[in-house]
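# Coordinates in review
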Amino acid sequence: MSTARFRAFLAVARYGSFSAGARALGLSQPTLTAQVQALEKQHNVELFVRHGRRLQLSEVGQQLLPFAQQLASLETDAYNLLHDSGRLTRGQLKLGAVGPFHVIEMVDAYRRQYPDIEISIRIGNSAAVLADLENYITDIAVLAGQHDDPRFAIHSYARHRVVLFANVAHPFAHRGSISLAELHQQPLLRREKGSTTRAALDLALQQAGVKPHMSMEIGSREALREAVIRGLGLGTVSEAEFIAHPDIRVVRIEGDPVHTETYVYCLAERRHSLLISSFFEQALSGEPKRQVELTST
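Residues numbered from 1 in each chain as written. Predicted model: local features only at pLDDT ≥ 70, side-chain atom pairs only at ≥ 80, totals over all residues. Heavy atoms only, no water.

A contiguous nonpolar surface patch, about 250 Å² in accessible area, is contributed by Ile104, Ile121 and Ile123. Following the sequence through the fold, isoleucine 104 ends up in helix 5 (residues 100–113). (Patch = residues over 30% accessible without salt bridge, like charges linked within 9 Å, V, L, I, M, F, W, Y side chains within 5 Å. Areas by Shrake-Rupley, 256 points an atom, 1.4 Å probe, with all protein chains shown as cover. Salt bridge = Lys/Arg side-chain N within 4 Å of Asp/Glu carboxyl O. Helix = DSSP H or I, 4+ residues; strand = E, 2+ residues; numbered from the N terminus.)

Listed below in structure tokens is the structure:
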């Protein structure tokens, strides 16, 4: 079984064309095309379907993709183990995260110890970040919630309360805190499905029998913040991810009934990979970060 052919297939799948895939691998287009065609001919299958200028994975290609991603990850792990007698002098680490705060904090600590490791970060909601990890698109995921699944190795990193934030014209903006019950029938902006912050808040509201007026669903914390600035409703966010603005104020929920936990994930089968282990050891070397105080100004 030729790993070069699987690398060629994966490059075309990732970059959407034979020419872009060839550039990514540093090959000529005819060479890469020949490798993919040889893989198809060897097994009498069609891996890509052309629709005009568009190139799509066939049904077999879609089924093969996660295996090819896994092979690429294992090949990288084997290389890192053997290269320079196991010393991490170079390599690529791909991270996924639900927000920039903690992952940048971790990367900063890691780069001080391993400055030659190339790092990339993909930002998305919890569902997308977890899917990337499952499909070998990323090596490590930083998520605001715990998913009990034997396929994953999971380590706790931080815990933060969820806070409200309001436009300065809203009556809540001039109070330090409110009770959860006071959110009843209030215009509340909610994150999209898959957001851990939304799930934690929805559970707390349901348990308390509180029914806000859900005025809008917004697919990013940046857009939600802009909606609050414009006075379209109340927003919620993990305190660690709140960004101050002259037109908004933080409002605590009494008793801090809603919080998110930040965890670092990898696939259990890859936990002892040299590259992944080095990140866990460096990023989690201190005590887990707990709640921090913030001000609204």
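So, about unusual backbone geometry. Even without being a glycine, tyrosine 136 presents a positive backbone phi close to 65°. Relative to the elements of secondary structure, tyrosine 136 occurs in the loop between helix 6 (126–134) and strand 5 (140–143). One non-glycine residue, aspartate 256, lies in the positive phi region at around 45°. Locating aspartate 256 in the fold gives a position in the loop between strand 11 (248–253) and strand 12 (259–267). Looking at aspartate 256, the relative accessible area reads 23%, which means it is partly exposed. (Buried < 20%, exposed > 50% of the residue type's maximum accessible area, 1.4 Å probe, protein only.)

Another point: the pairing of strand 11. One face of the sheet, then the other: side chains in a regular strand alternate in exactly this way. Sheet topology places strand 6 (residues 152–167) next to strand 11; 4 bridges connect them, and they run antiparallel. From the neighbouring strand, leucine 164 faces strand 11, where its bridge partner is valine 251. As judged from the 2 bridges shared by strand 7 (residues 177–178) and strand 11, these two strands associate in the parallel manner. Bridged to isoleucine 178 within strand 11 is isoleucine 253. (Pairing = 2+ DSSP bridges.)

Residues Leu93, Leu95, Tyr110, Ile117, Ile140 and Phe279 are the most contacted members of the largest nonpolar core, which totals 23 residues. Among the secondary structure elements, those contributing two or more residues to this core are strand 3 (91–97), helix 5, strand 4 (117–123), strand 5, strand 6, strand 12 and helix 9 (274–283). Broken down by element, the residue count for this core peaks at 5 residues, all from helix 9. The residues touching leucine 93, leaving out its near neighbours within four places in the chain, are Tyr110, Ile117, Glu118, Ile119, Ser120, Asp139, Ile140, Leu275 and Phe279. (Core = buried A, V, L, I, M, F, W, Y, C linked by side-chain atoms within 4.5 Å. Contact = heavy atoms within 4.5 Å.)

If you walk through the whole model with that rule in mind, you get 17 salt bridges. Between arginine 161 and aspartate 256 there is a salt bridge, and its shortest N-O distance comes to 3.1 Å. Separated by 95 residues along the polypeptide, arginine 161 in strand 6 and aspartate 256 in the loop between strand 11 and strand 12 bring together distant segments of the chain. Among the ionic contacts, a cluster of salt bridges with common partners joins Arg161, Glu239, Arg252 and Asp256.

A few words on helix 2 (residues 18–25). Every buried residue belonging to helix 2 is among Phe18, Ala20, Gly21 and Ala22, and all of these are buried. Those residues of helix 2 that are buried lie in contact with helix 1 (3–15), helix 3 (29–43), strand 1 (48–51) and strand 2 (54–57). Backbone geometry just downstream of helix 2 places glycine 26 in the positive-phi region, at approximately 70°.

Let us now look at the packing of helix 2 against helix 3. Between helix 2 and helix 3, whose axes approach to 9 Å, the crossing angle comes to 105°. It follows from the interaxial angle that helix 2 and helix 3 lie roughly perpendicular. Facing helix 2, whose interface residues are Phe18, Ser19, Gly21, Ala22 and Leu25, helix 3 presents Gln29, Leu32, Thr33 and Val36. Class assignment of the residues belonging to the contact of helix 2 with helix 3 gives a composition of 5 nonpolar, 4 polar and no charged. (Axes fitted to C-alpha atoms, helices over the stretch in contact; angles between N-to-C directions. Parallel < 35°, antiparallel > 145°, perpendicular 65-115°, else oblique. Nonpolar A, V, L, I, M, F, W, Y, C, P; charged D, E, K, R; others polar.)

This paragraph deals with the packing of aromatic side chains. Here the distance between the centres and the angle between the planes together describe a pair of aromatic rings. Inspection of the entire model under this criterion finds 6 aromatic pairs. Residues tyrosine 110 and tyrosine 114 carry aromatic rings whose centres are separated by 4.8 Å and whose planes lie at 35° to one another, so their mutual orientation is tilted. Tyrosine 114 matches tyrosine 110 in its accessibility class, with the two residues each being buried. Here a set of aromatic residues connected by ring pairs shows up, and it is made of Phe9, Phe18 and Phe48. When the ring centre of phenylalanine 280 is taken as reference, the NZ or CZ atom of arginine 271 above it lies at 4.2 Å. (Phe/Tyr/Trp six-rings, centres within 6.5 Å; stacked < 30°, edge-to-face > 60°. Lys NZ or Arg CZ within 6 Å of the ring centre and 35° of its normal.)

On to helix 6. Taken residue by residue, helix 6 has Ser126, Val129, Leu130, Asp132 and Leu133 as its buried positions. Projected onto a plane normal to the axis of helix 6, the buried residues spread over an arc of 155° and lie on a single side. Contact partners of the buried residues in helix 6: strand 3, strand 4, strand 5, strand 6, helix 7 (196–208) and strand 12. Where helix 6 begins, the capping side chain belongs to asparagine 125, and its oxygen is found 3.2 Å from the backbone nitrogen of alanine 127. Of the residues trailing helix 6, tyrosine 136 is marked for its positive phi of about 65°. (Arc of directions from axis to C-beta. Polar contact = N/O pair within 3.5 Å; in protein donor to acceptor, adjacent residues only side chain to side chain.)

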